[in-house]
Amino acid sequence: MHNEDGQPRHRLRNAIKVALIGLAVMLASAGALFAASQSAKPGITVQVSPASQSVQQGQAAAYTVTVTSTGGFTGAVNLATAGLPAGAAGAFTPSSVTLSSGSTATSTLNVTTAATTPAGTSSLTITGTSGKVSGSVTASLTVNYKISSAISVAASPDSLSVPPGATAVYTLQLTRNNLSGPVSFSVLGGLPSGATASFSPNPVTGTSTTLQVATTAASPTGSYNLYLVGTGKDSSGKSQYAYANVQLVLDATIKQFVLSANVPGTLSPGTSAGLDLQINNPNSKALSLTNMSVAVAGVTRSADAVARNLACTAADFTVTQYSGPYPLTVPAGTSSLSGLRLASSVWPRVGMLDTSANQDGCKGATLQLTYSGSGQGN
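Residues numbered from 1 in each chain as written. Predicted model: local features only at pLDDT ≥ 70, side-chain atom pairs only at ≥ 80, totals over all residues. Heavy atoms only, no water.

Draft legend 1. Structural context of the overall build of the chain. Each helix and strand counted, the chain has 2 helices and 26 strands in total. Looking at the 378 residues of the chain, the share that counts as buried comes to 40%. Sequence separation of at least 24 residues holds for 69% of the intrachain contacts in the chain that already meet a minimum separation of 6. Accessible surface, the chain: about 19,100 Å² in total, of which carbon and sulfur atoms supply 52%. (Helix = DSSP H or I, 4+ residues; strand = E, 2+ residues; numbered from the N terminus. Buried < 20%, exposed > 50% of the residue type's maximum accessible area, 1.4 Å probe, protein only. Contact = heavy atoms within 4.5 Å. Areas by Shrake-Rupley, 256 points an atom, 1.4 Å probe, with all protein chains shown as cover.)

And the structure:
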């Protein structure tokens, strides 16, 4: 069939199809140009280094703030900060920077704290603004109590790598100088989301305690710096403080080896028992351990002690950590310290303290111990 011009109708239909395809290509190209113009909107980015600072009360911290032009932005950018703790002040030098298209400029944020600034960790928000254009970044500031010469603390190991859901254990060794009373410990900041921290014993009447950081399967992977503080009162009643930092690395790729032991059945005041640790290495090759730790997680009293309301807590017990050589090579499968031919004198030991308090509540008690370790090849 033909149309009025004498042209076959199928040719006309083909021509319409070609025209429509050409229109679609034009529309698609216009969309791409529109998207490109949208992504090129002028803006700024703000970065800070270092991401976190730790100071004592009355000290100052400095951060380098870098502002970068994006999308062809030009102009002056005013800098401000929010989230400072009470008694602290922040000032930028310079307080504003001027950017040309694609350029970068820096300013220094100086944060001063007062002797009365409360100890703790604050999240600072640093913002750059130019009219309706803005960018921001966060930084962390930890304010510590003033360090005293009366007490000091050292943590071991200084870093542990575990998978999310595992518990990391650190040993804290306390050095006393004219401070004989109890020292209480806490984590000032740095814990990953979902994690909880506990010290055993706490407060410390001796010279050591164990920090257990229990994470969850949902705790985000990454590296975390934990700020630990111990506080006690000297002979004049004045509070004294000591600090330590440890690192916790959550790595989901780590295969978790398992530490366990037979908990001693009976302990009396002033006695201790060695723990022949069992090590289950899930890898097909040897594991090189660089740390093993044990902690008292809890105490279950006997029914008689509960009925008589006699106390017994983790503070009645103490743990001496493994003192053998590191790294410790552990073959695939299940091994033990005795099987690795390590003398019982270097095994970790759990003991019961001999105190002046009534410890009858600990008769027949059952201990719950937790174990932690790290190494290469796991």
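Draft legend 2. Summary view of the sheet that holds strand β24 (residues 333-336). Within the open sheet, the 3 strands sit side by side as β18-β20-β24. Their pairing is antiparallel. Edge positions in the sheet fall to β18 (258-260) and β24, since each has one partner strand and no second. For this sheet, the mean inter-axis angle between neighbouring strands, taken without regard to orientation, is 20 degrees. Of the pairings in the sheet, the one linking β18 to strand β20 (residues 278-281) comprises 3 bridges and is antiparallel in character. When the sheet's bridge partners are listed, Ser-260 is paired in β20 with Gln-278. (Pairing = 2+ DSSP bridges. Axes fitted to C-alpha atoms, helices over the stretch in contact; angles between N-to-C directions.)

Draft legend 3. Quick look at the pattern of salt bridges. Under the counting rule described, the total for this entry stands at 2 salt bridges. Here Asp-304 and Arg-308 are joined by a salt bridge, their closest N and O atoms 3.2 Å apart. (Salt bridge = Lys/Arg side-chain N within 4 Å of Asp/Glu carboxyl O.)

Draft legend 4. Seen up close, the state of the cysteines. Tallied over the entire structure, the rule returns 1 disulfide. Covalent S-S linkage joins Cys-312 and Cys-362, the inter-sulfur distance amounting to 2.1 Å. Judged by the sign of its S-S torsion, about 105 degrees, the cystine formed by Cys-312 and Cys-362 is right-handed. On the criterion of sequence distance, the pair formed by Cys-312 in the loop between α2 (303-307) and β22 (317-320) and Cys-362 in the loop between β25 (349-352) and β26 (366-376) is long-range, its members being 50 residues apart. For Cys-362, a relative accessible area of 5% gives the class buried. (Disulfide = S-S within 2.5 Å.)

Draft legend 5. Highlighting the environment of Thr-142. Looking at where Thr-142 falls in the secondary structure, it is placed in strand β9 (residues 133-144). When its relative accessible area of 0% is taken as the criterion, Thr-142 is described as buried. Between the C-alpha atom of Thr-142 and that of Ser-122, which follows or precedes it by 20 residues, the distance is 6.3 Å.

Draft legend 6. Looking closely at the environment of Leu-109. With respect to the helices and strands, Leu-109 occurs in strand β7 (residues 104-112). For Leu-109, a relative accessible area of 0% gives the class buried. The sequence separation of Leu-109 and Phe-92 amounts to 17 residues, and the corresponding C-alpha distance is 4.5 Å. Aside from chain neighbours lying at most four places away, what touches Leu-109 is Ala-61, Ala-62, Tyr-63, Val-65, Thr-81, Gly-90, Ala-91, Phe-92 and Ile-126.

Draft legend 7. Geometry of the environment of Gly-222. Mapped onto the elements, Gly-222 comes out in strand β16 (residues 222-233). A C-alpha to C-alpha distance of 6.7 Å links Gly-222 and Asp-251, two positions 29 residues apart in sequence. Not counting the four nearest positions on each side in its chain, Gly-222 is found in contact with Leu-248, Val-249 and Leu-250.

Draft legend 8. Summary view of the side chain of Asn-281. Its location among the elements puts Asn-281 in strand β20. If we skip the residues at most four places from it in the chain, Asn-281 touches Phe-257, Ala-286, Leu-287, Val-330, Pro-331, Ala-332 and Gly-333.

Draft legend 9. How the structure looks around the packing of aromatic side chains. Considering all chains together, one arrives at 2 aromatic pairs under this definition. Each ring, one from Tyr-322 and one from Tyr-326, has its centre 5.2 Å from the other, and the planes form 65 degrees; the classification is edge-to-face. Judged by relative accessible area, which is 7%, Tyr-322 ranks as buried. (Phe/Tyr/Trp six-rings, centres within 6.5 Å; stacked < 30°, edge-to-face > 60°.)

Draft legend 10. The arrangement of unusual backbone geometry in detail. Going from Ser-49 to Pro-50, the amide bond is cis rather than trans, its omega being -10 degrees. You can see Pro-50 is positioned in the loop between β1 (43-49) and β2 (52-56). Along the chain, Asn-202 connects to Pro-203 via a cis peptide bond; the corresponding omega equals 5 degrees. Among the secondary structure elements, Pro-203 is positioned in the loop between β14 (196-200) and β15 (208-214). In this structure, Asn-178 is a non-glycine residue whose phi angle is positive, near 65 degrees. Along the chain, Asn-178 falls in the loop between β12 (167-176) and β13 (184-189). The class of Asn-178 is exposed, set by a relative accessible area of 59%. Despite not being glycine, Asn-309 has its phi angle at roughly 60 degrees, a positive value. Position of Asn-309 relative to the elements: it lies in the loop between α2 and β22.

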